[in-house]
Amino acid sequence: MSSETSPLTAIPHAVRRERDRAGLSLTELARRAGIAKSTLSQLESGSGNPSVETVWSLAVALGIPFSRLIEPPSPAVRVVRAGDGPGLRSEHSDFVSTLLSAAAGTVRRDLHLVRVEPGTARVATAHLPGSVEHLVVATGRLRTGPVDQLVDLDVGDYVSFTADQPHLYQAMTAGTSAVLIMEYR
């Protein structure tokens, strides 16, 4: 992944912009997101290396879509080649989320490609109230859904669930991937 497509190049400015827009201090945003103030300070200065969990926590604390923190401005025609794009890794599992398309204007949805490998499941904390996830499995087999209503999916299967509650992703086979649409209401 080139530095031009790395989410790390967009995150520092975006976090500061959104924190200022919300009128929050470093201390208050860190408290709301459940992260250390020093972590947030490093992130805003461009010296941090945040996990997908940290960025999600900040987005929820700011009340904004995840993509608003990682997506650099897009050209009129945008192509994301397989293996490229702003991917963020999970701290706790072999899970990578690559933002393919961010919500623009009044649209409140993001499009991701997620890659998951067998092993520790990625447990996601609740997203913004009213959030809905839509997934279509592209390769492999995936167990996903709210932690109390998990479903197993094969290639081509679709699932939709409210994401304002804890939910998980677990690959049942190597090389599992899915297209994920995050809908923010």
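Look up: the structure comes first, before these words.
Since we're looking at a predicted model, the values are computed, not measured.

A. Representation of the sheet that holds strand β2 (residues 95-101) in the model. Ordered by their spatial adjacency, six strands build an open sheet running β1-β2-β3-β10-β5-β8, and the pairing between neighbours is antiparallel. Only two strands of the sheet have a single partner each, and these edge strands are β1 (87-89) and β8 (158-162). Ignoring strand direction, the axes of neighbouring strands in this sheet form an average angle of 25°. Bridging between β2 and strand β3 (residues 109-116) involves six bridges; their strand directions are antiparallel. Directly across from Ser97, in β3, lies its bridge partner Val114.

B. Fine view of the sheet that holds strand β4 (residues 122-124). Strand order across the open sheet formed by four strands is β4-β9-β6-β7, with antiparallel pairing between neighbours. On the outer flanks of this sheet lie β4 and β7 (151-153), each paired with one strand and no other. Each neighbouring strand pair of the sheet contributes to a mean axis angle of 20°, computed without reference to strand direction. As defined by bridge partners, β4 adjoins strand β9 (residues 167-171) across three bridges and the pair is classed as antiparallel. Directly across from Val123, in β9, lies its bridge partner Leu168.

What counts as what
- Residues numbered from 1 in each chain as written.
- Predicted model: local features only at pLDDT ≥ 70, side-chain atom pairs only at ≥ 80, totals over all residues.
- Heavy atoms only, no water.
- Pairing = 2+ DSSP bridges.
- Helix = DSSP H or I, 4+ residues; strand = E, 2+ residues; numbered from the N terminus.
- Axes fitted to C-alpha atoms, helices over the stretch in contact; angles between N-to-C directions.

Purely geometric stuff here, so don't read any function into it on its own.
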